[in-house]
2 protein chains.
Amino acid sequence: MQSNTACSEEERYKVRKLEITDKNKGFMELLQQLTVCNSVSDNEFQKRFEELKLYGDDHVICVIEDATSSKIVATGSVFIERKFIRSCGKVGHIEDVVVDSSARGMQLGKKVVDFLADHARLTGCYKVILDCSADNKAFYEKCGFKEKEIQMVKYFI
Amino acid sequence: MQSNTACSEEERYKVRKLEITDKNKGFMELLQQLTVCNSVSDNEFQKRFEELKLYGDDHVICVIEDATSSKIVATGSVFIERKFIRSCGKVGHIEDVVVDSSARGMQLGKKVVDFLADHARLTGCYKVILDCSADNKAFYEKCGFKEKEIQMVKYFI
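Criteria and thresholds
- Residues numbered from 1 in each chain as written.
- Chains lettered and ligands numbered in written order.
- Predicted model: local features only at pLDDT ≥ 70, side-chain atom pairs only at ≥ 80, totals over all residues.
- Heavy atoms only, no water.
- Helix = DSSP H or I, 4+ residues; strand = E, 2+ residues; numbered from the N terminus.
- Rg over C-alpha atoms; globule rule 2.2 N^0.38 Å.
- Contact = heavy atoms within 4.5 Å.
- Areas by Shrake-Rupley, 256 points an atom, 1.4 Å probe, with all protein chains shown as cover.
- Lys, Arg positive; Asp, Glu negative; His and termini not counted.
- Charge placed at Lys NZ, Arg CZ, Asp CG, Glu CD.
- Least-squares fit on C-alpha atoms with pLDDT ≥ 70 in both.
- Salt bridge = Lys/Arg side-chain N within 4 Å of Asp/Glu carboxyl O.
- Buried < 20%, exposed > 50% of the residue type's maximum accessible area, 1.4 Å probe, protein only.
- Polar contact = N/O pair within 3.5 Å; in protein donor to acceptor, adjacent residues only side chain to side chain.

A. Just the overall build of chain A, in detail. Counting its secondary structure elements, chain A contains six helices and six strands. If you list the helices and strands of chain A from N to C, you get α-β-α-α-β-β-α-β-α-β-α-β. Whereas a compact globule of 157 residues would reach a radius of gyration of roughly 15 Å, chain A reaches 17 Å, a difference of no more than 12%. Its C-alpha atoms give chain A principal-axis dimensions of roughly 55 × 40 × 30 Å. Long-range pairs, those at least 24 residues apart, make up 60% of the contacts in chain A with a sequence separation of at least 6. Total accessible area on chain A is roughly 7900 Å²; 47% of this is exposed by carbon and sulfur atoms. Each charge class in chain A can be summarised by its mean position, and for the 24 positive and 25 negative side chains these summaries are 4 Å apart.

Spelled out as structure tokens, the structure:
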């Protein structure tokens, strides 16, 4: 018989929207595995959190909290761009997807990307796009994406 | 002596923000040169215009109106994404840049892209990004951009 404290992988790693208390569960440390991400004060975090909240469904950050350790082990975001083309269509832009190095190989990245793509579809987007390195192309192909264009960048700092 | 009606190229092609009356100056027809862009009703246009206005400086569409013909001959948009990475940094995303086929070769595309990139810089972005075809790469390099990553897409319809 399974013990009450046992927890299936499905129950252990659920996707949900970012909550303000996630700062204390390793959310910023997780982002540091993605790119340059200096620590921010609680005030700065709260300010940005509130700003993003104003966008409602037009900007969603999701996380996976490990129910066993209460640590954030995966995240990603999507924002919805409103256009005039495609009969005033909408496009989802996926950004900042990362899985904790200790939690890889469990399809958590796919879970995050599927959640964000579903959100874009359900809010009426005709497509969802993202930029990735050549190394991550195969992963996004498994998530149903295809290579389309070239990403160009101009840095200010 | 120059006539009063004469107009330098600088005066003839000024960049400004989209106005609601631009629908009657060929704005949608210009977008049709970029991609699938069915005509939209005045009501649909107004609704989308008002939605975008709510974003203020976080979503700007600029146009170049030919002062001689009162026709919109170039456009592009930028929206500002607020992040937690890079000390709660911001990134500008440039989209939907197009120059009327009759007005090419006058650097109007560069004028639009410079305006949008300047907007991103002035609103505090640490970088501005865009996706383009391989054919347009050289143009964006002239605008100060460099190739970075791969754009991936998933279509819903």
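Now that the structure has been shown, we can carry on.
B. Up close: the relation of the copies chain A and chain B. When chain A is fitted to chain B, the residual RMSD is 0.0 Å, and the transformation amounts to a turn of 180° plus an axial shift of 0.0 Å. The symmetry that links the two subunits is that of a two-fold axis. Within chain A, Ile-150 of chain A has its C-alpha nearest the rotation axis, a separation of 2.6 Å.

C. Quick look at the environment of Val-60 of chain A. Residues and elements named next belong to chain A. Mapped onto the secondary structure, Val-60 falls in strand S2 (residues 59–66). Taking the C-alpha atoms as reference points, Val-60 and Phe-79, 19 residues apart in sequence, are found 6.3 Å from one another. Sequence-distant contacts of Val-60, defined by excluding residues within four places in its chain, comprise Lys-17, Gly-76, Ser-77, Val-78, Phe-115, Leu-116 and His-119.

D. Quick look at the pattern of salt bridges. By the definition in use, this model includes 40 salt bridges over all chains. The residue Glu-147 of chain A makes a salt bridge to Lys-137 of chain A at a minimum N-O spacing of 2.8 Å. Of this pair, Glu-147 of chain A sits in strand S6 (residues 146–155) while Lys-137 of chain A sits in helix H6 (residues 137–142); the two residues are 10 residues apart in sequence, bridging distant segments of the chain. On the basis of relative accessibility, which here comes to 42%, the residue Glu-147 of chain A falls in the partly exposed class. One salt bridge in this structure joins Glu-51 of chain B and Lys-47 of chain B, with 3.9 Å as the shortest N-O distance. Within this pair, Glu-51 of chain B and its partner Lys-47 of chain B are both found in helix H3 (residues 42–53), separated by four residues, close to a single helical turn. For Lys-47 of chain B, a relative accessible area of 56% translates into the label exposed.

E. Just the side chain of His-93 of chain A, in detail. Structurally, the position occupied by His-93 of chain A is in strand S4 (residues 90–99). Here His-93 of chain A falls in the buried class, since its relative accessible area comes to 3%. Side-chain polar atoms of His-93 of chain A contact the side chain of Glu-81 of chain A, separated by 2.9 Å. Residues within four places of His-93 of chain A in sequence aside, it is in contact with Ser-77, Val-78, Phe-79, Glu-81 and Ile-129 of chain A together with Phe-79, His-93 and Glu-95 of chain B.

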